[in-house]
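# Survey of secondary and tertiary structure
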Amino acid sequence: MTQSETVLAVTDDTFAAEVLGSELPVLVDFTADWCPPCRMIAPVLDEVAREQQGRLKVVTLNVDTNPQTQSAYGVLSMPTLMVFRGGEPVSSLVGARPKRRLLQELDGVI
């Protein structure tokens, strides 16, 4: 998976600083290279990250190389999109979806 300019890749080591310590709400994309729906939603997340800049931070976490964070939040299906606010998970969505639907689902939490 390629690193986008708007979507930051986080790891087990950087998760606390980038996500839990963020001033903004953070949308975490729990993803894997072997997951076709993950590849489908990646461009949607890029667009959301650009459009919501300053309101929402979007990061991606590869579960294959960062099992501690995946395990800590009980993520079993990819992609799982989890919104964190103030260091706590406030919303969790499983599966790829179109941008319009994703924004509607995020509306109450960002």
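Quick summary incoming for the structure in this document. (Residues numbered from 1 in each chain as written. Predicted model: local features only at pLDDT ≥ 70, side-chain atom pairs only at ≥ 80, totals over all residues. Heavy atoms only, no water.)

### Digging into the packing of helix α2 (residues 36-51) against helix α4 (residues 99-106)
The interhelical angle for the contact between α2 and α4, taken along N-to-C directions, is 50°, at an axis separation of 10 Å. As summarised for this structure, α2 and α4 are arranged oblique, according to the angle between their axes. For the pair α2 and α4, the crossing hand works out as right-handed. Here V44, L45, E47, V48 and E51 of α2 lie close against α4, whose contacting residues are K99, L102 and L103. Each residue belonging to the contact of α2 with α4 can be placed in one class, and the counts come to five nonpolar, no polar and three charged. (Axes fitted to C-alpha atoms, helices over the stretch in contact; angles between N-to-C directions. Helix = DSSP H or I, 4+ residues; strand = E, 2+ residues; numbered from the N terminus. Parallel < 35°, antiparallel > 145°, perpendicular 65-115°, else oblique. Left-handed = near helix turned anticlockwise from the far one by under 90°. Contact = heavy atoms within 4.5 Å. Nonpolar A, V, L, I, M, F, W, Y, C, P; charged D, E, K, R; others polar.)

### Structural notes on the environment of A96
On the secondary structure map, A96 appears in the loop between β5 (88-94) and α4. Residue class for A96 comes out partly exposed when judged on its relative accessible area of 30%. With 58 residues separating them in the primary sequence, A96 and C38 have C-alpha atoms 6.8 Å apart. Residues in contact with A96, not counting those within four places in the same chain, are P37, M40, I41 and P79. (Buried < 20%, exposed > 50% of the residue type's maximum accessible area, 1.4 Å probe, protein only.)

Fair warning: the whole summary comes from geometry, so function is off the table for now.
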